[in-house]
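Commentary on secondary and tertiary structure
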Amino acid sequence: MCDPGVNSWPQLFPTSFQVPGAHERIMERFRNCCSRRKFRGHSLSEKASRLTQNMDLRTMTQSLVTLAEDNMAFFSSQGPGETARRLSGVFAGIREQALGLEPALGRLLSVAHLFDLDAETPANGYRSLVHTARCCLAHLLHKSRYVASNRRSIFFRTSHNLAELEAYLVALTQLRALAYYAQRLLATNRPGGLFFEGDEGLIAEFLREYVTLHKGCFYGRCLGFQFTPAIRPFLQTISIGLVSFGEHYKRNETGLGVTASSLFTSGRFAIDPELRGAEFERIIQNLDVHFWKAFWNITEIEVLSSLANMASATVRVSRLLSLPPEAFEMPLTADPKLTVTISPPLAHSGPGPVLVRLISYDLREGQDSEELSSLVKSEGPRSLELRPRPQQAPRSQSLVVHIHGGGFVAQTSKSHEPYLKSWAQELGVPIVSIDYSLAPEAPFPRALEECFYAYCWAVKHCALLGSTGERICLAGDSAGGNLCFTVSLRAAAYGVRVPDGIMAAYPATMLQSTASPSRLLSLMDPLLPLSVLTKCVSAYAGGETEDRSDSDQKALGMMGLVRRDTALLFRDLRLGASSWLHSFLDLSGHKSHTNSVPTAEPMRRSVSEAALAQPEGLLGTDSLKSLTLHDLSLKGSSDTSETPELSLSVETLGSSTPSNVNFLVGPEEAPEEAAKTQELSAKDRGCGARAAFPEGFHPRRSSQGCTWMPVCSSPIVKNPFMSPLLASDSMLQSLPPVHIVACALDPMLDDSVMFARRLRGLGKPVTLRVVEDLPHGFLSLAALCRETRHAAALCVERIRLVLTQPAAPSSPPL
């Protein structure tokens, strides 16, 4: 069962591939990359990661093609069995897609350096797309090696390996489609630009075209293949929880009840990755923003938040404060003798209190004052009274004002409290985290108004918070990073003190619906699918106005819902256990039915295969089995044709009809863009989205068909206080030093790169650090593995730079 030895590989290569000298060069380069390393004791994903790091793209492709041809020839010679036919077909597909993908990736890689911030920061969406495709190729390469070594063994798990190869082949096909889309972006964007700048109607067509692409393969067996192996078990757990939650969402509405029921029905999604992928795709395309709000707020449930806090650092102060909606005066920076009035938030719902959470590792002067205690808001049984201690630390010279993420629609400071406590311990400064109102109930600009009001209050009353306020850092992640920038822009517009620096982790700086190479990665991102992003942005912009919650829920509020669901916990457990038993009884029934059907060749069958043995046609089922080569009616036998007919370029889901609009090329191109695209034929310019693909290639379409997805075309998304990347140069000049920590595989990576490029071009001090192989939202996963801990430590280091350095040197303009 071990991997084939390097010295035994010459026998695995067919003579048809042995071009003079080519075989020896491939084997020599492969020996150098392996360096006699044995992969025993490591997971398959870890081996694929090693291959990704140590092989260049061409060598990897040639090696994969060689192995695919050898495996294809072997299984073609094994007779007319269904399993052998499918294995031969899948390796023919791997060969075809690898050969088609390699030139496209090579072209992207040859120009990717032009979009970096600088030579020391090689990061942008083009690089990320190439890296992701390399990860898929590396996994298929290792799997092909394994099959070549073990295909004759009686212990060879035929069904398992076939299912995995088919899943990764579909993923490779979709990645090839993304590579062609990225090439079209290169041809149409202005030099150095990562975001498409064109007609909004074309962008809307792109999103509608994009949503028809098949995504389920990336949420089943291939889930998280591009990320570090240590994070993948967590992503699998999240995906199982999400599809189970979605199954019960409409039945139990929200809260602990749906969570308890989901625990008992998640088993079938754990053992059947195809079923999980299909259900995940259905959820992300069809459920509204209220579902995501409910799912992301699971961490707000009292039981779960208490468990998370038990594992986090212990702090002396963690108090929820309610700031009264009262206007106050702030001195102007230019002339402290003059003041400006800071009014309480007014947008949409009128004046109301703003909640903030004060976290401090040590009890400092002012934090136990009567004035501050009068602002404390009770959090129920979890809230403990802070007793005065005889030993008090002096006020800190610094203060961190934090704004949490959550897509503008979910979470509070409670969700982010575990890593904020670690920050308080490591930095030794008080932290104020702002609980702003969430969309869609409170769209833009309510959150901005509340964050600005809370920031100004913290600056004015820093003595109550245990700080002298000599150095103030504004920090936030994701949507919170966006609000950090816009709060600073608003402070500069008011003429009041701006923070001494900003630390933004994976921020969203462009909320306008547009295409970029990194946003193409949202096709496979389990935490930030594009349809979810657009729903959150639409809700924040005021486009998502439908309220799915009933009047009882509105009356109860969040804490009322938690208490109600806790009281009904035992009922939900009983119902969930009953549902769990029924699901497995049904599962057994399917298996019995399957076993009663004679087959030409015995092979292990997954739950999805058993369920799909029903009389329904291919297009009449939602299961991911419809995405396998067998049910695509693809033929790979050389008996019927000289050229294998198997091709993942075959379109099977006829119900999904893409638009005949080219979503990446405007109808009237600018003169400078015309020169770049003149090589495209008139036929290519007129045949819609498929013009991005070579003849004969078509990406897989979703079995969900074309579903509605909100595309916010309102001019409000161009407001610089909503999309800071669109701010004028004079506005950006007012920002303090900016430190951005981004993720290389994040769909929002290009937001960070382009924002840093704009600041660098204006001569503003800015740093950009990009962490590898981690998903968006790693701060909330800081305790999960070594990689997330290192990334979180990098954020702490950036904050410390703001709090300790009096000034940052200006960077030279581009």
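Not measured: the values here are computed from a predicted model.

Rules and cut-offs
- Per-chain numbering applies: the sequence of each chain, read as written, is numbered from 1 onward.
- Only residues with pLDDT of 70 or above have their local features reported here, since the model is predicted, and side-chain atom pairs are shown and tallied only from 80 upward, although totals for entire chains, interfaces and linings are computed over all residues.
- Excluded from the side-chain calculation are hydrogens and water; included are all heavy atoms of the structure.
- Put simply, DSSP H or I for four residues or longer makes a helix, DSSP E for two residues or longer makes a strand, and each gets a number counted from the N terminus.
- Exposure classes here rest on a 1.4 Å probe applied to the protein chains alone. A residue is buried below 20% of its type maximum, exposed above 50%, and partly exposed in between.
- Any two residues whose heavy atoms approach within 4.5 Å are treated as being in contact.
- Whenever a helix is involved, its axis is fitted only over the stretch in contact; in every case the axis is a line through C-alpha atoms, and angles between N-to-C directions fall within 0 to 180 degrees.
- By definition in this entry, angles of less than 35 degrees are roughly parallel, angles greater than 145 are roughly antiparallel, angles of 65 to 115 are roughly perpendicular, and the rest are oblique.
- Classification used: nonpolar for Ala, Val, Leu, Ile, Met, Phe, Trp, Tyr, Cys and Pro, charged for Asp, Glu, Lys and Arg, polar for all others including Gly.
- By the convention used here, strands pair only if DSSP detects at least 2 bridges between them.
- What a helix should span is 1.5 Å times the count of its residues minus one.
- Contacts described as polar in this section are N or O atom pairs within 3.5 Å, which, within protein, must combine one atom able to donate a hydrogen with one able to accept it, while residues neighboring in sequence count only if both atoms come from side chains.
- Pairing of aromatic rings covers Phe, Tyr and the six-membered ring of Trp, with a centre-to-centre limit of 6.5 Å; geometry is then stacked below 30 degrees between planes, edge-to-face above 60, and tilted otherwise.
- For the purpose of counting charges, residues Lys and Arg are taken to be positive, whereas Asp and Glu are taken to be negative. His and the chain ends are not included.
- Criterion for a salt bridge: a side-chain nitrogen of Lys or Arg within 4 Å of a carboxyl oxygen of Asp or Glu.
- By convention the crossing between two helices is left-handed if the near helix lies anticlockwise of the far one by an angle smaller than a right angle, and right-handed if it lies clockwise.
- Here is how to tell: hold the view so the strands point away, follow the path from the first strand over the helix to the second, and if it runs clockwise the crossover is right-handed.
- Each residue gets a pLDDT score, which is the predictor's confidence in that residue and runs from 0 to 100.

So, on to the overall build of the protein. Scanning the protein from N- to C-terminus turns up 26 helices and ten strands. Taken across its 814 residues, the protein has 58% of its residues classed as buried. In the protein, once contacts between residues fewer than 6 apart in sequence are set aside, the share between residues at least 24 apart is 81%.

What follows deals with the environment of Cys462. Among the structural elements, Cys462 can be located in the loop between helix H16 (446-460) and strand S7 (467-477). Ignoring anything within four residues of it in the chain, the contact list for Cys462 reads Leu399, Ser467, Thr468 and Gly469.

To continue, consider the packing of helix H12 (residues 289-296) against helix H18 (residues 530-540). Packing of H12 against H18 brings their axes to within 9 Å, and their N-to-C directions diverge by 100 degrees. Overall, the two elements H12 and H18 adopt an arrangement that is roughly perpendicular. Residue-level inspection shows Val289, Trp292 and Trp296 of H12 in contact with H18, the latter providing Val532, Lys535, Cys536 and Ala539. Residues that form the contact of H12 with H18 fall into these classes: six nonpolar, no polar and one charged.

Attention now goes to the pairing of strand S1 (residues 317-323). For a regular strand, side-chain orientation follows a simple rule: the groups alternate between the two sheet faces. With five of seven residues buried, S1 lies mostly within the body of the structure. Here S1 runs beside strand S4 (residues 354-360); their pairing, made up of seven bridges, is antiparallel. If you follow Leu321 over to S4, its bridge partner there is Val356.

A few words on helix H3 (residues 57-76). Taking 1.5 Å of rise per residue, the 20 residues of H3 would be expected to cover 28 Å, and the 28 Å separating its terminal C-alpha atoms lies within 8% of that figure. With 16 of 20 residues buried, H3 is to be regarded as a mostly interior element. The N-cap residue of H3 is Asp56: its side-chain oxygen and the backbone nitrogen of Arg58 are 3.1 Å apart.

This part covers the environment of Ser752. Tracing the backbone shows Ser752 in helix H25 (residues 749-761). Sequence-wise, Ser752 and Ala123 are 629 residues apart; in three dimensions their C-alpha atoms are separated by 9.9 Å. Non-local contacts of Ser752, meaning those with residues more than four positions away in its chain, are made with Tyr506, Pro507, Ile740, Ala742 and Leu768.

Now for helix H17 (residues 479-494). Compared with an ideal rise of 1.5 Å per residue, which puts 16 residues at 22 Å, H17 spans 22 Å between its outermost C-alpha atoms and is within 8% of the ideal. Counting buried residues along H17, 13 of its 16 residues qualify, which places the element largely inside the surrounding structure. A positive backbone phi angle near 85 degrees is found at Gly495, which sits one or two residues after H17.

The next thing to look at is the packing of aromatic side chains. All told, the structure shown has 23 aromatic pairs when counted by the stated rule. A centroid spacing of 6.3 Å and a plane angle of 10 degrees characterise the contact between Phe291 and Phe295, whose relative ring orientation is stacked. Pair noted here: Phe291 and Phe295 are both in helix H12, with a separation of four residues, about one helical turn. Neither residue differs from the other here; Phe291 and Phe295 are each classed as buried.

Moving on to the sheet that holds S7. The sheet built from eight strands is open, its strands ordered S1-S4-S6-S5-S7-S8-S9-S10 with mixed pairing. Bordering the open sheet on either side are S1 and strand S10 (766-771), each of which pairs with just one other strand. Between one strand axis and the next, the sheet turns through 20 degrees on average, direction left out of account. Note: S7 against strand S8 (residues 501-505), five bridges, orientation parallel. Bridged to Asp477 within S8 is Ala505. Relative to the sheet, helix H26 (residues 786-804) contacts strand S5 (396-403), S7, S8, strand S9 (738-743) and S10, its axis offset from that of S7 by approximately 145 degrees.

Looking now at the side chain of Glu449. Structurally, Glu449 is set in helix H16. For the buried Glu449, no salt bridge is present, and the opposite-charge side chain at shortest range is Arg490, 4.7 Å distant. Excluding anything up to four places from it in sequence, Glu449 contacts Pro345, Leu346, Ala347 and Arg490.

Attention now goes to the packing of helix H4 (residues 82-111) against helix H5 (residues 125-150). Where H4 meets H5, the closest approach of the two axes is 11 Å, and the angle between their N-to-C directions is 150 degrees. As far as their axial angle goes, H5 and H4 are roughly antiparallel. Here the hand of the crossing between H4 and H5 comes out left-handed. Contacts between H4 and H5 involve Phe91, Ile94, Ala98, Leu101, Leu105, Leu108 and Leu109 on the former and, on the latter, Tyr126, Leu129, Val130, Ala133, Leu137, Leu140, Ser144 and Val147. Grouping the constituent residues of the contact of H4 with H5 by class yields 14 nonpolar, one polar and no charged.

Here we come to the pairing of S7. Of all the eleven residues making up S7, nine are buried; the element is thus mostly covered by neighbouring parts of the structure. Of the strand pairs in this sheet, S5 and S7 are connected by seven bridges, and their pairing is parallel. Residue pairing across strands places Ser398 opposite Arg471, the latter belonging to S7. Taken together, S7, H17 and S8 constitute a β-α-β crossover, and its handedness is right-handed.

Pairing of side chains with opposite charge becomes possible as their charged atoms draw close. In this structure the tally under the stated criterion is 22 salt bridges. Among the ionic pairs, Glu365 bridges to Arg395, the shortest N-O distance being 3.3 Å. Taken together, the positions of Glu365 in the loop between S4 and helix H14 (370-373) and Arg395 in the loop between H14 and S5 put the pair 30 residues apart, joining distant regions of the chain. Overall, the relative accessible area of 34% leaves Glu365 in the partly exposed class. The closest approach of N and O atoms between Arg497 and Asp500, which form a salt bridge, is 2.8 Å. Residue classification places Arg497 among the partly exposed positions, given a relative accessible area of 26%.

The next point concerns unusual backbone geometry. Each neighbour pair has its own omega, and for Ala439 with Pro440 the value is 0 degrees, a cis peptide bond. Residue position: Pro440 is located in the loop between strand S6 (431-435) and H16. Look at the link from Phe444 to Pro445: it is a cis peptide, with omega at 10 degrees. Mapped onto the elements of the fold, Pro445 is located in the loop between S6 and H16. Unlike most non-glycine residues, Phe408 shows phi in positive territory, near 70 degrees. Summarising the element assignment, Phe408 is placed in the loop between S5 and helix H15 (413-427).

Parts of the prediction with low pLDDT should not have their coordinates interpreted in detail. With 67% of its residues at a pLDDT of at least 70, the protein reaches an overall mean of 77. Overall, residues 583-689 carries pLDDT values under 50, and its contacts beyond four positions in sequence, including any with other chains, amount to 174 contacts.

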